[in-house]
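# Survey of secondary and tertiary structure
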Amino acid sequence: MNLLLRLIIVLIILILPLSLQAKIRDYISIKTEKNISLSDLIKSSGFEIEDDRVTPFLEDFLRLNEDIKSLRMIPKGTTVRLPSKYLKKRTGATREKGFEPRPEVAKDKEIEVVIRNIKELFDHLGEFISVSSGKIIVFPVSEKASLSIDTDYFPMIEISGRRMILLDLKKTLPDEIRDIIEVYWPEYTVIRGRDMKGIVNQVLDSIDYTCIEEGRVVIGDDMLVEIKPDCIIMRKGKDIMDSDMIILGITKKDEFGFPDKLLKWAKESGINIIDLHMREKPLFHKEANLFVLPEHKEGLILGLLDHLGYKVSRDIGLSIAEKREYTLNLLADIVFKSGKRTKVIDLSGLPQPAIGILRRHGIDIISIDIGDNSGKIIEDILNFLSLPSESHLEKVSQMITPGKVKYRVRTQGIVVKTKKGNLLLSDYHDSELLRSLINEKISLIKYN
């Protein structure tokens, strides 16, 4: 077993006859040159301890060093007294200058992430908790025995002064030690493992909440957001219709968290979302670009063509001479090129015979009634341009919802593929919310 774990996970039998109460005289004093664990200090000083001597060593060590609160992290500049009779010189070992602490930092960061998530969970539930870490807690077992736990490895959580939770995230606490804690102190619960969903289930169960792991939650009206939570949190004995809706999402290290605007929108709809993250620094996808088209119909058309990638000219004179005897002259409202074809958008209501002549001469033309609503005008122009587009609700949802998120966006709109990238044309009223939810590679074009 790792030396540090042997020093931490130990049932310390403190039998104190006069011979042991006497002052311990044989020890080595070492001043730490950096923050270091006890096991690393022993190793870097050129010593080791045999397995059967760990317990008595720790007993004497704690008496000699009453001010040391953590075996995992002894601060720089601390004078440490090591009872020498338990130390054995390592073969060929010398004092290692600048010895680096053990490679457990990443795992310690995982513990910090779990504790952060538990704090956030309880904060949402309105429960006050305090977390003990960075010190040794001693549990009296009997008149002559006690149990010592290093809370840097086994964080201790006190819930509103009524429940205590000991986190054994790495499953290193022996079953016998766990049994001693839960039998002698029934107000304590030992939670084992690092699976966040399992930890949440056990934590909620200890404070009379339950976690429903199946189901989906749909929020919205004109736009729907379908959320697949890791669980729906309820108080035990309450019907789901009689409880405040609390949904929990646990985002993995490669997943994106819920956007803040979605959390706010859900809360305004009476749904609280608790978003827990397994990354030390959570990931959030970027908001999509947003462009708002003018309400004036001519400005709307010009703005749409610009975002579609067309360079247009205004009020261009066109002359069509089918025979020498006559020439058709007209002032085209909007003219642009699409490949080798000339395109004309007429806003003034040209007569059909004139439109027919232009088409015979290879000019594509469409007449737009500016009295139509914006949606119909946009649809007519997209059909005129024959651009690849999609308006089916389910397919649009698949195209605009980002990957690696715990929700799906369902909204009416048209996705258009252009040389500049994909566009979502939508008249949804809250464009700021919508842009925060959709794939960042899609530009949102808002029209009224």
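See above for the structure.
Residues numbered from 1 in each chain as written. Predicted model: local features only at pLDDT ≥ 70, side-chain atom pairs only at ≥ 80, totals over all residues. Heavy atoms only, no water.

## Some points on the sheet that holds strand β18 (residues 290-292)
Backbone hydrogen bonds hold the strands of a sheet together, and the pairing may be parallel or antiparallel. With mixed pairing, the five strands of this open sheet are ordered in space as β18-β27-β26-β25-β23. Each of the sheet's edge strands pairs with one partner strand only, and the pair in question is β18 and β23 (389-390). Pairing of strand β26 (residues 421-426) with strand β27 (residues 442-446), which is carried by five bridges, proceeds in the parallel orientation. Paired with Leu 425 across the strands is Ile 445, a residue of β27. (Pairing = 2+ DSSP bridges. Helix = DSSP H or I, 4+ residues; strand = E, 2+ residues; numbered from the N terminus.)

## Regarding the state of the cysteines
One pass over the structure, following the stated rule, counts one disulfide. Residue Cys 211 pairs covalently with Cys 231 via a disulfide, S to S 2.0 Å. Between Cys 211 and Cys 231 the sulfur-sulfur dihedral comes to about -125 degrees; the bridge is accordingly left-handed. Of the two residues, Cys 211 is situated in strand β12 (residues 209-212) and Cys 231 in strand β15 (residues 231-235); the sequence distance between them amounts to 20 residues. Taken as a pair, Cys 211 and Cys 231 share a single burial class, namely buried. (Disulfide = S-S within 2.5 Å. Buried < 20%, exposed > 50% of the residue type's maximum accessible area, 1.4 Å probe, protein only.)

## Some thoughts on the sheet that holds strand β6 (residues 129-132)
The sheet built from four strands is open, its strands ordered β6-β9-β10-β11 with mixed pairing. Unpaired on one side and paired on the other, β6 and β11 (188-192) mark the two borders of the sheet. On average, adjacent strands in this sheet sit at an angle of 20 degrees to one another, irrespective of strand direction. Where strand β9 (residues 156-159) and strand β10 (residues 163-168) come together, four bridges link them in antiparallel fashion. Looking at β10, one finds that Met 156 is bridged to Leu 166. Most of the contacts of helix α7 (residues 196-206) go to β11, to which it runs at about 165 degrees, and overall it touches β9, β10 and β11. (Axes fitted to C-alpha atoms, helices over the stretch in contact; angles between N-to-C directions. Contact = heavy atoms within 4.5 Å.)

## Points about the pattern of salt bridges
Under the criterion given, the structure shown has 24 salt bridges. Between Glu 226 and Arg 408 there is a salt bridge, with its nearest N and O atoms 3.6 Å apart. Here Glu 226 is found in strand β14 (residues 224-227), whereas its partner Arg 408 is found in strand β24 (residues 407-410), with 182 residues between them in sequence. Residue class for Arg 408 comes out partly exposed when judged on its relative accessible area of 25%. Notably, a salt bridge pairs Asp 364 with Lys 343, separated by 3.1 Å at the nearest N-O pair. Here Asp 364, found in strand β22 (residues 363-367), pairs with Lys 343, found in strand β21 (residues 341-346); they are 21 residues apart in sequence, far enough to count as distant. Each member of the pair, Asp 364 together with Lys 343, is buried. (Salt bridge = Lys/Arg side-chain N within 4 Å of Asp/Glu carboxyl O.)

## Observations concerning the environment of Val 200
With respect to the helices, strands and loops of the structure, Val 200 is situated in helix α7. C-alpha of Val 200 to C-alpha of Ile 250: the two residues are 50 residues apart in sequence and 9.9 Å apart in space. The contact partners of Val 200, leaving out residues within four places of it in the chain, are Leu 121, Leu 248, Ile 250 and Leu 276.

## Regarding the environment of Lys 119
With respect to the element layout, Lys 119 can be found in helix α5 (residues 105-124). Lys 119 sits 38 residues away from Ile 157 along the chain, and the two C-alpha atoms are 9.4 Å apart. Leave out the neighbours within four places in its chain, and Lys 119 touches Ile 129 and Val 131.

## Some points on the packing of helix α9 (residues 297-307) against helix α11 (residues 374-385)
Where α9 contacts α11, the axes come no closer than 11 Å and their chain directions differ by 40 degrees. By the angle between their axes, α9 is oblique relative to α11. In this structure, the crossing between α9 and α11 has a hand that is right-handed. Here α9 contributes Lys 297, Leu 300, Ile 301, Leu 304 and Leu 305 to the contact with α11, which in turn contributes Ser 374, Ile 377, Ile 378, Ile 381 and Leu 385. (Parallel < 35°, antiparallel > 145°, perpendicular 65-115°, else oblique. Left-handed = near helix turned anticlockwise from the far one by under 90°.)

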